[in-house]
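Residue-level listing of the chains:
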Amino acid sequence: MDRRASAPLQSPGSRTALVAAARLQGWVERFAASHGPVTEDLDDGGVLLRAADGATALMKAPWPADGRPGRGATEVDRLASLATQERGLGLLLVRRGGYAIAAASGSTILASKSGNRFLEAKATAEHAVRIFTEHRIEYLVPGGDRVLVEQVLAQPLLRAIAGRERLAFLDVQAPKTAALAKAAADACAVRVTVTDPTRE
């Protein structure tokens, strides 16, 4: 599945939220309390909840199972379990006002480097390759300015790492050290797109 594309366009009656795996079951219960009993179906690479009033919630794991499916009695349980797995992440957050790079295991930051201004792409790539090659990086987590991120990833130094699968692009306004913890948590969250029932 190509996860490099932009976030899906949302219809006027839909919205997307990032929900931590530990809170997913509670979120589903509140959704059912607001919209009526729900059914679970596998749909579009995720779990689709259909509520009695016509509202739907499409929940997608932050990464593919890759032979390591989640466990549980229901599809929601298995989805939450998948999202709690410790996957090796390489975060690359870049804007003109700064950059932040980190290797993470799940939402835990293992090593990082940040700066208050964007260096030339080659220099930023040098920082990234130093951090990424010292840790297990299964997926890249880009964020900030798409053009600048692509410039960094296009550097020959990052050729091997740039080919790794990318998770959803993060909207990061100030890529600094303080932003890395939230970015890592967001990268591990379940993406839930809620579509309101059609009103006649």
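Residues numbered from 1 in each chain as written. Predicted model: local features only at pLDDT ≥ 70, side-chain atom pairs only at ≥ 80, totals over all residues. Heavy atoms only, no water.

Colleague: Honestly, the overall build of the protein chain in this entry has me stumped. Any pointers?
Modeller: The secondary structure content of the protein chain amounts to six helices and nine strands. For 200 residues, the compact-globule estimate of 2.2 N^0.38 gives 16 Å, and the protein chain sits close to it at 18 Å. C-alpha extents for the protein chain along the principal axes are approximately 55 × 35 × 30 Å. Across the 200 residues in the protein chain, those meeting the buried criterion constitute 48%. In the protein chain, the share of contacts with a sequence separation of at least 24, taken over all contacts with a separation of at least 6, comes to 61%. Charge-centre separation for the protein chain: the mean point of 26 positive side chains lies 7 Å from the mean point of 22 negative side chains. (Helix = DSSP H or I, 4+ residues; strand = E, 2+ residues; numbered from the N terminus. Rg over C-alpha atoms; globule rule 2.2 N^0.38 Å. Buried < 20%, exposed > 50% of the residue type's maximum accessible area, 1.4 Å probe, protein only. Contact = heavy atoms within 4.5 Å. Lys, Arg positive; Asp, Glu negative; His and termini not counted. Charge placed at Lys NZ, Arg CZ, Asp CG, Glu CD.)

Colleague: Quick question: what am I supposed to make of the pairing of strand β7 (residues 108-115) here?
Modeller: Inspection of the sheet shows strand β6 (residues 98-105) paired to β7 by seven bridges, in the antiparallel sense. Bridge pairing links Ala103 to Ala111 in β7. (Pairing = 2+ DSSP bridges.)

Colleague: How should I be thinking about the sheet that holds β7 in this particular structure?
Modeller: What holds strands together in a sheet is hydrogen bonding between their backbones, with the strands either parallel or antiparallel. The four strands are arranged β7-β6-β5-β8 in an open sheet whose pairing can be described as mixed. Edge positions in the sheet fall to β7 and β8 (139-144), since each has one partner strand and no second. Taken pair by pair, the neighbouring strands of this sheet meet at an average axis angle of 15°, ignoring direction. Pairing of strand β5 (residues 88-95) with β8, which is carried by six bridges, proceeds in the parallel orientation. Of the residues in β8, the one forming a bridge with Leu91 is Val141. Running at roughly 120° to β5, helix α4 (residues 146-153) makes contact with β5 and β8 of the sheet. Helix-sheet contacts for helix α6 (residues 177-187) involve β5, β6, β7 and β8, and the interaxial angle to β5 is about 130°. (Axes fitted to C-alpha atoms, helices over the stretch in contact; angles between N-to-C directions.)

Colleague: I'm lost on the sheet that holds strand β3 (residues 46-51) in this one. Help?
Modeller: One open sheet accounts for five strands, arranged β1-β9-β4-β3-β2; its pairing is antiparallel. Either end of the sheet is taken by a strand with one partner, and the two such strands are β1 (14-19) and β2 (38-43). The mean inter-strand angle of the sheet, taken between neighbouring strand axes irrespective of direction, is 20°. Both strand β4 (residues 56-60) and strand β9 (residues 190-195) contribute to a ladder of five bridges, which runs antiparallel. Bridge pairing links Leu58 to Thr193 in β9.

Colleague: In this structure, what is going on with unusual backbone geometry? I would like to understand it.
Modeller: At Asp66, a position not held by glycine, the phi torsion is positive, near 50°. Relative to the assigned elements, Asp66 resides in the loop between β4 and α2 (75-83).

Colleague: Any chance you could explain the packing of helix α1 (residues 24-35) against α2 here in plain terms?
Modeller: When two helices pack together, you describe them by how their axes are tilted relative to each other and by the distance separating the axes. Their axes nearest at 10 Å, the elements α1 and α2 cross at an angle of 145°. In this structure, α1 contributes Leu24, Gln25 and Val28 to the contact, and α2 contributes Val76, Asp77, Leu79 and Ala80. Within the contact of α1 with α2, the residues separate by chemical class into five nonpolar, one polar and one charged. (Nonpolar A, V, L, I, M, F, W, Y, C, P; charged D, E, K, R; others polar.)

Colleague: I would appreciate a short explanation of the pattern of salt bridges in the present structure.
Modeller: When their charged atoms lie close together, side chains carrying opposite charge are able to pair. Under the counting rule described, the total for this entry stands at seven salt bridges. The salt bridge involving Glu138 is made with Arg68; its shortest N-O contact spans 2.7 Å. A residue pair is termed long-range when its members are at least 10 positions apart, and Glu138 in the loop between α3 (121-132) and β8 and Arg68 in the loop between β4 and α2 qualify at 70 residues. Taking the relative accessible area as the measure of exposure, Glu138 reaches 18% and is therefore buried. Given the relative accessible area of 31%, Arg68 is considered partly exposed. For Glu75, the salt bridge identified is with Arg78, shortest N-O distance 3.0 Å. Of the two residues, Glu75 and Arg78 both sit in helix α2, three residues apart, roughly one turn of that helix. Glu75 gets classed as partly exposed once you look at its relative accessible area, which sits at 22%. A network of salt bridges, in which partner residues are shared, links Arg68, Arg136 and Glu138. (Salt bridge = Lys/Arg side-chain N within 4 Å of Asp/Glu carboxyl O.)

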